[in-house]
Amino acid sequence: MKKFLTRVIALALVSLMFAMPCMAATYSSVTYEGDTITVSLDGYNQGDESTVIIVKSGVDLATVSDSEIVNIDQKPVVSADGKVSFALPVDERAQEIGVKAVDIYIGGSSMDDAEKYAETITLNEQADIKYVYTASFKTSLDGKFGSAAEAKADVQVMKTKYVDGVETSTEDVTSSCRIEENNGVFDVYLDSNKVTSIAFTVANITYKYAASFKSGKTTFTTDAEAKADVIVKKIKYENGVATGEEQDVTTMATIVVNNGVISVAILEADFSATLNYSLATLGISGIINWTDIEAPLENALVYLYDGETLKGVTLTDANGSYSFSVGAGTYQLYVSGSYVEPSENYVYQMAPAYAEVTVTDRVATQSFDLALPLDGDLTGDGKVDKSDVSLLKAMFTN
């Protein structure tokens, strides 16, 4: 089982590794290709623990520091022939700690017995790599907190890599850092080295919660729309005065809708609130006018379609009015009107009308002005042209 696999190991582990018996282990080969040093060993017994450590050239293993360790590894020998091999990346770590050359050791019964590889390995010349560490607070804008513990829990540490002065990557290394409080300042340590710091203030900080509708509306088309519009905010106060810092905590809340009332609760914050709303009356209404006599047209047929689906038909009343009750959406209206002339015993067909109407949060209004078709306008399209002649011919043919 592999016990250690790290780029940087605490000094206690170095001591532990070299307390492992080395048996008669020897180097069979050492190669350095790309960014990896491959160390092949033999002379073990199957089941032994094998260890390799790569350190800055010239250091004393008895006093080696974390910042001088380039790589270290240990694993059991599983091969019956007693051979084992390690592939250890070195370039990035070496660049990070400023190491140009390294020495290689395999474990012995003590530090003094550790066997050093005969040659020092000079590492590749690479681009200028630098790492910059920055600390910030995840939620606080001004670094003020109700307690030092609250402030410490809010610290975030980012590691940014620069190659030849150009930023190439950023990663969150908070979990790898040690954060120590020092008189209103958090000092951040990585691998026992202080990499950055950040100041904080302990103040009389309290929080209040508030629920509202994001849109500012109190009338909605559906209960679901009303629920989706709810927002719950956590508001920060200092000495009883709002600081302007707000956090959206809607996902923490339980939201229940019941007949025009929304109940909002966050149990862990001991917060509850109610919001009242109403559902809008939706529909389409309008007036059909007869422009020839400038009067409303009674008994005009109004067809309501949703795409190709007929949703309803109605007749206008004596005032030319019509109405439909519908949900939110986009609809098509077709109007067909006629006038009966009793003295002539003749029905005059009005030119038809069409409109597309979108219903959102209220009753949409759509009126129409109908007129008798032009003389000769047999098709009712508002103009006399070849289509009317064709229709006339067809009528006589039939």
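Since the structure is predicted, the reported quantities are computational estimates derived from the model, not experimental observations.

Enquirer: Help me out: how do you make sense of the overall build of the protein chain in this one?
Expert: In terms of helices and strands, the protein chain carries 5 helices and 36 strands. Counting across all 398 residues of the protein chain, residues that qualify as buried make up 37%. If you take every contact in the protein chain between residues at least 6 apart in sequence, the share linking residues at least 24 apart comes to 57%. Total accessible area on the protein chain is roughly 21800 Å²; 49% of this is exposed by carbon and sulfur atoms.

Enquirer: Hey, could you run me through a negative patch on the surface in this one?
Expert: On the surface, Asp35, Glu92, Glu171 and Asp172 cluster together into a negatively charged patch. For Glu171, the position within the fold is in strand S13 (residues 166-172).

Enquirer: I'm lost on unusual backbone geometry in this one. Help?
Expert: Residues apart from glycine generally show negative phi values, whereas peptide bonds are mostly found in trans. Unusually for a residue other than glycine, Ser192 sits at a positive phi of about 70°. Mapped onto the fold, Ser192 is located in the loop between strand S15 (185-190) and strand S16 (193-199). You will see that Glu294, though not glycine, has its phi angle at about 55°, which is positive. With respect to the helices, strands and loops of the structure, Glu294 is situated in the loop between strand S26 (283-290) and strand S27 (295-296).

Enquirer: Mind showing me how you'd approach the pattern of salt bridges here?
Expert: The tally for this structure, following the rule as stated, stands at 10 salt bridges. We note a salt bridge from Lys144 to Glu238, for which the minimum N-O separation is 3.2 Å. Of this pair, Lys144 sits in strand S11 (residues 144-145) while Glu238 sits in strand S20 (residues 230-238), and the two are 94 residues apart along the sequence. Overall, the relative accessible area of 25% leaves Lys144 in the partly exposed class. Where Lys236 meets Glu245, a salt bridge forms, and the shortest distance between an N and an O atom there is 3.6 Å. Since its relative accessible area comes to 10%, Glu245 is described here as buried. Among the ionic contacts, a cluster of salt bridges with common partners joins Asp142, Lys236 and Glu245.

Enquirer: Help me understand the packing of aromatic side chains, please; the structure alone is not making it clear to me.
Expert: Geometry of an aromatic ring pair is reported as the spacing of the ring centres plus the angle between the planes. The full count for this structure, using the stated rule, is 9 aromatic pairs. Taking 5.0 Å as the distance between ring centres and 45° as the angle between the ring planes, the aromatic pair formed by Tyr334 and Tyr354 counts as tilted. Of this pair, Tyr334 sits in strand S31 (residues 329-336) while Tyr354 sits in strand S34 (residues 353-359); the two residues are 20 residues apart in sequence, bridging distant segments of the chain. Judged by its relative accessible area of 36%, Tyr334 is partly exposed. Here the aromatic residues Phe213, Phe220 and Tyr277 are joined through ring pairs into a cluster of three or more. Seen from the ring of Tyr189, Arg178 lies directly overhead, with NZ or CZ sitting 4.5 Å from the centre.

Enquirer: Can you walk me through the side chain of Gln95 in this structure?
Expert: Examined against the element boundaries, Gln95 turns out to sit in helix H2 (residues 91-97). The exposure class of Gln95 is buried, given its relative accessible area of 18%. Leaving out residues up to four positions away in the same chain, Gln95 has contacts with Asn124, Gln126, Ala127 and Ile129.

Enquirer: Is there a simple way to think about the environment of Thr38 in this case?
Expert: Tracing the chain through its elements places Thr38 in strand S3 (residues 36-42). Look at Thr38 and you get partly exposed, because its relative accessible area is 26%. Along the primary structure Thr38 and Ala87 are separated by 49 residues, whereas in three dimensions their C-alpha atoms are 4.4 Å apart. For Thr38, the residues in contact, after removing those within four places along its chain, are Ser29, Val30, Thr31, Ser85, Phe86 and Ala87.

Enquirer: Mind showing me how you'd approach the confidence of the model for the protein chain here?
Expert: Predicted coordinates in areas of low pLDDT are best not read in detail. Mean pLDDT over the protein chain: 86, with 87% of residues reaching 70 or higher. Contacts from residues 1-12, a stretch scored under 50 in pLDDT, to residues over four places away or in other chains number 37 contacts.

Enquirer: It is not clear to me how the pairing of strand S24 (residues 271-276) should be interpreted in this structure. Could you clarify?
Expert: Strand direction decides the pairing type here: strand S23 (residues 261-266) and S24, joined by 6 bridges, are antiparallel. Among the inter-strand pairings, Ile266 is bridged to a residue of S24, identified as Phe271. Taking the residues between adjacent antiparallel strands as the criterion, S23 and S24 are bridged by 4 residues, where Asp270 takes a positive phi near 50°.

Enquirer: What's the story with the side chain of Thr196 in this structure? I'm lost.
Expert: Tracing the chain through its elements places Thr196 in strand S16. The exposure class assigned to Thr196 is buried, which follows from its relative accessible area of 14%.

Enquirer: What exactly am I supposed to notice about the sheet that holds S34 here?
Expert: Backbone-to-backbone hydrogen bonds pair the strands of a sheet. The strands run either parallel or antiparallel. Taken together, the 4 strands give an open sheet; going across it, the order is S29-S28-S31-S34, and neighbouring strands pair in antiparallel fashion. The sheet terminates laterally at strand S29 (309-315) and S34, the two strands that pair on one side only. Each adjacent strand pair in this sheet contributes to an overall mean axis angle of 25°, direction not counted. Relative to S31, strand S28 (residues 301-306) runs antiparallel, the two sharing 5 bridges. Each bridged residue has a counterpart across the sheet, and for Tyr303 the counterpart in S31 is Tyr334.

Cut-offs used in this document
Residues numbered from 1 in each chain as written. Predicted model: local features only at pLDDT ≥ 70, side-chain atom pairs only at ≥ 80, totals over all residues. Heavy atoms only, no water. Helix = DSSP H or I, 4+ residues; strand = E, 2+ residues; numbered from the N terminus. Buried < 20%, exposed > 50% of the residue type's maximum accessible area, 1.4 Å probe, protein only. Contact = heavy atoms within 4.5 Å. Areas by Shrake-Rupley, 256 points an atom, 1.4 Å probe, with all protein chains shown as cover. Patch = residues over 30% accessible without salt bridge, like charges linked within 9 Å, V, L, I, M, F, W, Y side chains within 5 Å. Salt bridge = Lys/Arg side-chain N within 4 Å of Asp/Glu carboxyl O. Lys, Arg positive; Asp, Glu negative; His and termini not counted. Charge placed at Lys NZ, Arg CZ, Asp CG, Glu CD. Phe/Tyr/Trp six-rings, centres within 6.5 Å; stacked < 30°, edge-to-face > 60°. Lys NZ or Arg CZ within 6 Å of the ring centre and 35° of its normal. pLDDT = per-residue confidence, 0-100. Pairing = 2+ DSSP bridges. Axes fitted to C-alpha atoms, helices over the stretch in contact; angles between N-to-C directions.

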